[in-house]
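The lines below spell out each chain.
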Amino acid sequence: RRVVAIPATAIREGRAGRFVYLVEGRAGGAHGIRVIVQPVRVTYESGSTAVIGAGLAPGATVVTAGGSRIRARTPIKIMGRATGTT
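This is a predicted model, so every value here is computed, not measured.

Rules used throughout
- Residues numbered from 1 in each chain as written.
- Predicted model: local features only at pLDDT ≥ 70, side-chain atom pairs only at ≥ 80, totals over all residues.
- Heavy atoms only, no water.
- Helix = DSSP H or I, 4+ residues; strand = E, 2+ residues; numbered from the N terminus.
- Buried < 20%, exposed > 50% of the residue type's maximum accessible area, 1.4 Å probe, protein only.
- Contact = heavy atoms within 4.5 Å.
- Areas by Shrake-Rupley, 256 points an atom, 1.4 Å probe, with all protein chains shown as cover.
- Pairing = 2+ DSSP bridges.
- Axes fitted to C-alpha atoms, helices over the stretch in contact; angles between N-to-C directions.
- Phe/Tyr/Trp six-rings, centres within 6.5 Å; stacked < 30°, edge-to-face > 60°.
- Salt bridge = Lys/Arg side-chain N within 4 Å of Asp/Glu carboxyl O.
- Core = buried A, V, L, I, M, F, W, Y, C linked by side-chain atoms within 4.5 Å.

Caption draft 1: Representation of the overall build of the chain within the structure. Secondary structure assignment for the chain yields zero helices and six strands. Going from N to C terminus, the chain has its helices and strands arranged as β-β-β-β-β-β. A total of 86 residues make up the chain; the buried ones form 28% of that total. Of the contacts made within the chain by residues no fewer than 6 positions apart, 56% connect residues no fewer than 24 positions apart. A total accessible area of about 5900 Å² is found for the chain, and carbon and sulfur atoms account for 51% of it.

Caption draft 2: Broad picture of the sheet that holds strand β3 (residues 17-25). With antiparallel pairing, the three strands of this open sheet are ordered in space as β2-β3-β4. At either margin of the open sheet sits one strand with a lone partner, and together these are β2 (12-14) and β4 (33-39). Here the average twist between neighbouring strands, direction ignored, is 45°. Inspection of the sheet shows β3 paired to β4 by seven bridges, in the antiparallel sense. Across the sheet, Glu-24 pairs through a bridge with Arg-34, a residue of β4.

Caption draft 3: How the structure looks around the packing of aromatic side chains. Within the structure shown, the criterion is met by one aromatic pair. A centroid spacing of 5.3 Å and a plane angle of 85° characterise the contact between Phe-19 and Tyr-21, whose relative ring orientation is edge-to-face. Tyr-21 matches Phe-19 in its accessibility class, with the two residues each being buried.

Caption draft 4: Examining the pattern of salt bridges more closely. All chains considered together, the criterion is met by two salt bridges. Among the ionic pairs, Glu-13 bridges to Arg-18, the shortest N-O distance being 2.9 Å. Accessibility expressed as a relative area gives 56% for Glu-13, which makes it exposed. According to the relative accessible area criterion, Arg-18 is partly exposed, its value standing at 30%.

Caption draft 5: Just the nonpolar core, in detail. The biggest cluster of nonpolar side chains holds 13 residues, and the ones touching the most others in it are Ile-6, Ile-11, Val-20, Val-40, Ile-52, Leu-56 and Val-62. Those elements that place two or more of their residues in this core are β1 (4-7), β3 and β6 (49-54). In this structure, Val-62 is in contact with Ile-6, Ala-10, Val-20, Tyr-21, Leu-22, Val-23 and Leu-56, ignoring residues within four places of it in sequence. Ranked by size, the runner-up nonpolar core spans seven residues in total, among them Phe-19, Val-23, Ile-33 and Val-35.

Caption draft 6: The sheet that holds β1, seen in detail. In space, the three strands of this open sheet follow the order β1-β6-β5, with antiparallel pairing throughout. Two strands close off the open sheet at either side, each with one partner strand: β1 and β5 (41-46). Between one strand axis and the next, the sheet turns by 30° as a mean value, whatever way the strands run. In terms of strand pairing, β5 meets β6 through five bridges, oriented antiparallel. What sits directly across from Ser-46, in β6, is Thr-49.

Structural data, given as structure tokens:
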């Protein structure tokens, strides 16, 4: 069975529960690269890894650093890209 595993630093807490900032769009696109709030269900956490049971598709790109300075629909610049496990 395939699982979606992301860095635990991507998990944020809000009034409605846990979420990640999901990266959408592309550089040079009409709206550039932005983030949206994506609710997730974390099924397992161990050290620096969180396994997502619902809310995130394999291969999705999430924000792992600087999340305290981001708001939904904020344009962002990707500084580095880590490979994840799906």
